[in-house]
Amino acid sequence: MRKGSAGVEVMVGLLVLAGAAALFFLAMSASNFASFEEQDGYLVKARFDNIGGLKVRSPVTLAGVMIGRVKTIEIDAQTFEAVVSLSIQARYDQIPEDTFAKILTQGLLGEQYVGLDPGGSVELLKEGSEITITQSALVLEDMVGQFIFSKAEEGK
């Protein structure tokens, strides 16, 4: 072995470890597992006809700022709607009761999340409130099918 090659091997080893650590942190932030802590807050529910690919722990945003996370997703046996429980951080306690909830997608094929658009009511959301004005997820397959069907109708 040549003199000084041990120092190069140590540097290469440190570089590989730093790269592995960077990939680990990138994977954790992309998968929403980086923040396990439960924050104080309140639960509100929203009903949707179709939630698309929405998942538990998906972000809840207001004006692009994350204010909470999706806590649970269930199905209502009577109406066959998806009932989504949203955990909103306690410091965001001034959200109007007539807020509009919609399921959005980050980018073209990204993760889905719940976006809130505040209304103008003087009544505020609180623990146990239900957001009644909702917009379901846009399903890409449905839109493509409608486009193809409309093109086929034009050809007749």
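What counts and how
- Residues numbered from 1 in each chain as written.
- Predicted model: local features only at pLDDT ≥ 70, side-chain atom pairs only at ≥ 80, totals over all residues.
- Heavy atoms only, no water.
- Helix = DSSP H or I, 4+ residues; strand = E, 2+ residues; numbered from the N terminus.
- Buried < 20%, exposed > 50% of the residue type's maximum accessible area, 1.4 Å probe, protein only.
- Contact = heavy atoms within 4.5 Å.
- Pairing = 2+ DSSP bridges.
- Phe/Tyr/Trp six-rings, centres within 6.5 Å; stacked < 30°, edge-to-face > 60°.

S.K.: Tell me about the side chain of Asp76, residues and numbers included.
M.R.: Turning to its location among the elements, Asp76 is positioned in the loop between β3 (65-75) and β4 (82-89). Residue Asp76 is classed as buried on the basis of its relative accessible area of 12%. Excluding its chain neighbours within four sequence positions, the residues that come into contact with Asp76 are Arg47, Glu81 and Val83.

S.K.: Lay out the pairing of strand β1 (residues 41-48) in plain terms, naming residues and giving numbers.
M.R.: Here β1 pairs with β4 via eight bridges, running antiparallel. Within β4, the position partnered with Gly41 by the bridge is Gln89. Sheet topology note: the β1/strand β7 (residues 130-131) ladder contains two bridges and is parallel. Residue pairing for β7: Lys45 is matched across the bridge by Glu130.

S.K.: Got a sec to walk through the side chain of Ser129? Specific residues and values, please.
M.R.: The residue Ser129 is located in the loop between β6 (112-117) and β7 in this model. Excluding anything up to four places from it in sequence, Ser129 contacts Leu43, Val44, Lys45 and Leu124.

S.K.: A description of the sheet that holds β7 should follow, citing residues and the corresponding values.
M.R.: Spatially, β7-β1-β4-β3-β2-β6-β5-β8 is the arrangement adopted by the eight strands of the open sheet, whose pairing is mixed. Here the strands that pair on one side only, and so sit at the sheet edges, are β7 and β8 (133-135). In this sheet, β8 lies alongside strand β5 (residues 100-105) in parallel orientation, the contact comprising three bridges. Within the sheet, the bridge partner assigned to Phe100 lies in β8 and is Ile133.

S.K.: Give me the environment of Leu138: which residues, what numbers.
M.R.: Considering the arrangement of structural elements, one finds Leu138 in the loop between β8 and α2 (140-154). The exposed category is assigned to Leu138, whose relative accessible area is 57%. Along the chain, Leu138 and Gly52 lie 86 residues apart, while their C-alpha atoms are 7.3 Å from each other. Not counting the four nearest positions on each side in its chain, Leu138 is found in contact with Gln112 and Met143.

S.K.: I'd like to hear about the packing of aromatic side chains, residue by residue, with values.
M.R.: A ring pair, where both rings are aromatic, is described by two values, the distance of the centres and the angle of the planes. Applying the stated criterion across every chain yields a total of one aromatic pair. Consider the rings of Phe24 and Phe25, whose centres lie 5.6 Å apart with planes at 70°: the pair is edge-to-face. Among the residues examined, Phe25 registers a relative accessible area of 57% and is labelled exposed.

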